[in-house]
Amino acid sequence: MNNQQSLVDYLVQHEPSFRKARLPALYSDFTTLRTLNPDGYQANISAWRSALAHLARSGLAPAPKGSTPNLLVLNSDESLLRALESKKYGRPLALGTVIREALASKDLVPLHDFLTSPTSIYYQPWLPSPWAVAGGVAGWALKQLGVADWLRGNGLPKGQYVVVANVQEAGKQFAATTASALTDSRFERTWSKAHFLHTYNEQVKLEQGSEGKLLSETDLDVLLVFLSRDKDLILYDGSTFKIKTPSDEQQSITPEDTTVASIKELISSLTHQTHALAGRITELDKAARQAVQSNNRIAALAALKQKKLAEQSLEGRYASLTQLEAVASQIQQASDSVAMMKIMETSSKVLESLNEQVGGVDRVENLTSKLREQMAEVDEVNTILAEAGTTAAGGLVDEEEIDEELEEMLAEQEKEKQAKEEKEEEERERDREREREQEREAEELRRRLEAIGGVPVVEPGTTAGSKREREMERLMKG
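The structure displayed is predicted, hence computed values, not measured ones.

**Quick word on the packing of aromatic side chains**
Right, on to step 1. For the coordinates displayed, the defined rule picks out 9 aromatic pairs.
Right, on to step 2. Note on Phe174 and Phe196: the rings are 5.5 Å apart at their centroids and 55° apart in plane angle, and the pair reads as tilted. With a gap of 22 residues between them, Phe174 in helix α10 (residues 164–177) and Phe196 in helix α11 (residues 193–200) connect regions that are remote in the sequence.
Right, on to step 3. Relative accessible area serves as the criterion here: at 4%, Phe174 is assigned to the buried category.

Below you can see the structure in the form of structure tokens.
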């Protein structure tokens, strides 16, 4: 949003429910529509809830004096009314009703209550007390009659309110950003609040095109409480938090976690300082060279002295950083050793339990011996049954008669085979006889042709030619 654009114009451009045609209704006091037109009333309430959440996560909602704009917390006071004021329609007259409705439905939660409540925002008691039921019914009746608004006034409720929809979106982005950490070591999953805010803030984008809109410290407090209490994704004690894994049995932040977070934060700070000092040394070296070129001895000496001091500081920072990284490496190794020991201890208990269920070597040997005995007995029974079946079958069937019948079937098959071969031989002999007869006829024809002698060339159709042709035709016919 540019400096010349009002919040109303911004909402008209970016919020679908804030069309220009709806502005008169949205800026009017539509409280009376609760009974006259409930659907219209709920539509206006819904439009304002969405608009307020949009303004907050875009970083455009007014912040308390002297504080950074919040993305997850809405500041409700006179400044909000002034920011939403329209030149044409004035201030939104029903904004107080919108805030109260959002508080009643828990779309907005007072900041103090959100941060200090021990119960989740999603908690709903199964059996409300009779007094709560009676109070709820009476409240509903007064609300429908408009008496409730009259009793508490139609002004804007003042305070800071957590926008639950924005917190939920930030929680999703946190889960997506840190998903890979679930497989990391304890060292990688533990953070101080300040370190995490500096490292991951720019990766949380609640609004498209919201570059430069970062979570405030208040936002981070709200987010971490939400992730710890309402989503059970992290352990958090107010200054240190650790991402939980499915196998993590730890229920609170330990002194070891706090130490790990402090070391990580200090390593990050020293790394940043070394980069800054290295850049400073480069600048001073360049300044000294420029002073030498311009024959400015005093400036060159000053730049070189500052460069020397910066190099000494850089050397000290690198020494501290190396030492801290060595400590961090040892902590990670120790943490891995602890995890390995826990796994070995668990595995030992599992194996012990399984061995107890097996019953030891003696029991296994006894069971194996009994199994072999039972298998041998089964084999013996099967052998006896097979012999009994063979004996019974032999008493019912004459083996000699079966053998004779088999011999007859084989002899018959042999006779059929010989008859078939003889028939095939006869057919082959007849074919050979036909071939010899054809050869004799061909030889006879050849001799007759030779007896006739040469044939003079005669034009077809002449008498001599016709006679010769008839003779040839007679000889060919045989």
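**Observations concerning the environment of Tyr236**
Right, on to step 1. Structurally, Tyr236 is set in strand β5 (residues 234–236).
Right, on to step 2. Distance in space between the C-alpha atoms of Tyr236 and Ile253 is 6.6 Å, their sequence separation being 17 residues.
Right, on to step 3. If near-sequence neighbours (up to four positions away) are discounted, Tyr236 is found in contact with Lys193, Asp221, Leu224, Val225, Ser228, Phe241 and Ile253.
Right, on to step 4. For Tyr236, the side chain forms a polar contact with the side chain of Asp221, separated by 3.1 Å.

**Quick word on helix α1 (residues 7–14)**
Right, on to step 1. Of the residues making up α1, those classed as buried are Leu7, Val8, Tyr10 and Leu11. Along the axis of α1, the buried residues cluster in a sector spanning 160°; they form a single face.
Right, on to step 2. Packed against the buried residues of α1 are α2 (23–27), α4 (38–57) and α5 (78–83).

**Comments concerning the sheet that holds strand β2 (residues 108–110)**
Right, on to step 1. With antiparallel pairing, the 3 strands of this open sheet are ordered in space as β1-β3-β2. In this open sheet, the two strands that pair with only one neighbour each are β1 (73–76) and β2. The mean inter-strand angle of the sheet, taken between neighbouring strand axes irrespective of direction, is 35°.
Right, on to step 2. Examined bridge by bridge, β2 and strand β3 (residues 159–163) share 3 bridges and lie antiparallel to one another. Looking at β3, one finds that Leu108 is bridged to Val163.
Right, on to step 3. Here α10 sits on the sheet and contacts β2 and β3; the angle it forms with β3, its principal contact strand, is near 45°.

**Focus on a negative patch on the surface**
Right, on to step 1. A contiguous patch of negative charge, built from Glu399, Glu400, Glu401, Asp403, Glu404, Glu405, Glu407, Glu408, Glu412 and Glu416, is present on the exposed surface.
Right, on to step 2. For Asp403, the location among the structural elements is in helix α16 (residues 399–452).
Right, on to step 3. The partly exposed category is assigned to Asp403, whose relative accessible area is 45%.

**Remarks on the side chain of His54**
Right, on to step 1. Along the polypeptide, His54 turns up in helix α4.
Right, on to step 2. Within polar-contact distance, the side chain of His54 engages the side chain of Glu15 at 2.9 Å.

**Focus on the nonpolar core**
Right, on to step 1. Judged by nonpolar contacts, the single largest core of 33 residues is most densely connected at Phe18, Tyr27, Trp48, Leu52, Leu55, Leu84 and Leu95.
Right, on to step 2. Of all the secondary-structure elements, those providing two or more residues to this core are α1, α2, α4, α5, α6 (95–104) and β3.
Right, on to step 3. With 28 residues, the next largest nonpolar core counts Leu71, Leu215, Val225 and Phe226 among its residues.

**So, the sheet that holds strand β4 (residues 190–192)**
Right, on to step 1. One open sheet accounts for 3 strands, arranged β4-β6-β5; its pairing is antiparallel. At either end of the open sheet lies a strand with only one pairing partner, and these are β4 and β5. Between one strand axis and the next, the sheet turns through 20° on average, direction left out of account.
Right, on to step 2. Looking at chain direction, β5 and strand β6 (residues 240–243) are connected through 3 bridges and run antiparallel. Counted as the bridge partner of Leu235 is Lys242 from β6.

**Structural notes on the packing of helix α13 (residues 255–293) against helix α14 (residues 297–358)**
Packed helices, taken two at a time, are described by their axes: the angle between them and the distance between them.
Right, on to step 1. Between α13 and α14, the shortest axis-to-axis distance is 8 Å and the interhelical angle comes to 160°. The angle between the axes of α13 and α14 places the two elements in the roughly antiparallel class. Between α13 and α14 lies a crossing of left-handed hand.
Right, on to step 2. Here the residues of the contact of α13 with α14 are counted per class, giving 25 nonpolar, 6 polar and 6 charged.

**What about the pairing of β6?**
Right, on to step 1. Every second residue of β6 is oriented toward a common face, with Thr240 and Lys242 on one face and Phe241 and Ile243 on the other, all of them buried.
Right, on to step 2. Bridge count for β4 against β6 is 3 bridges, and the pairing is antiparallel. Within the sheet, the bridge partner assigned to Trp191 lies in β6 and is Phe241.
Right, on to step 3. In this antiparallel pair of consecutive strands, β5 and β6, the connection spans 3 residues, and Gly238 shows a positive phi of 105°.

Reading the values: rules and limits
- Residues numbered from 1 in each chain as written.
- Predicted model: local features only at pLDDT ≥ 70, side-chain atom pairs only at ≥ 80, totals over all residues.
- Heavy atoms only, no water.
- Phe/Tyr/Trp six-rings, centres within 6.5 Å; stacked < 30°, edge-to-face > 60°.
- Helix = DSSP H or I, 4+ residues; strand = E, 2+ residues; numbered from the N terminus.
- Buried < 20%, exposed > 50% of the residue type's maximum accessible area, 1.4 Å probe, protein only.
- Contact = heavy atoms within 4.5 Å.
- Polar contact = N/O pair within 3.5 Å; in protein donor to acceptor, adjacent residues only side chain to side chain.
- Arc of directions from axis to C-beta.
- Pairing = 2+ DSSP bridges.
- Axes fitted to C-alpha atoms, helices over the stretch in contact; angles between N-to-C directions.
- Patch = residues over 30% accessible without salt bridge, like charges linked within 9 Å, V, L, I, M, F, W, Y side chains within 5 Å.
- Areas by Shrake-Rupley, 256 points an atom, 1.4 Å probe, with all protein chains shown as cover.
- Salt bridge = Lys/Arg side-chain N within 4 Å of Asp/Glu carboxyl O.
- Lys, Arg positive; Asp, Glu negative; His and termini not counted.
- Charge placed at Lys NZ, Arg CZ, Asp CG, Glu CD.
- Core = buried A, V, L, I, M, F, W, Y, C linked by side-chain atoms within 4.5 Å.
- Parallel < 35°, antiparallel > 145°, perpendicular 65-115°, else oblique.
- Left-handed = near helix turned anticlockwise from the far one by under 90°.
- Nonpolar A, V, L, I, M, F, W, Y, C, P; charged D, E, K, R; others polar.

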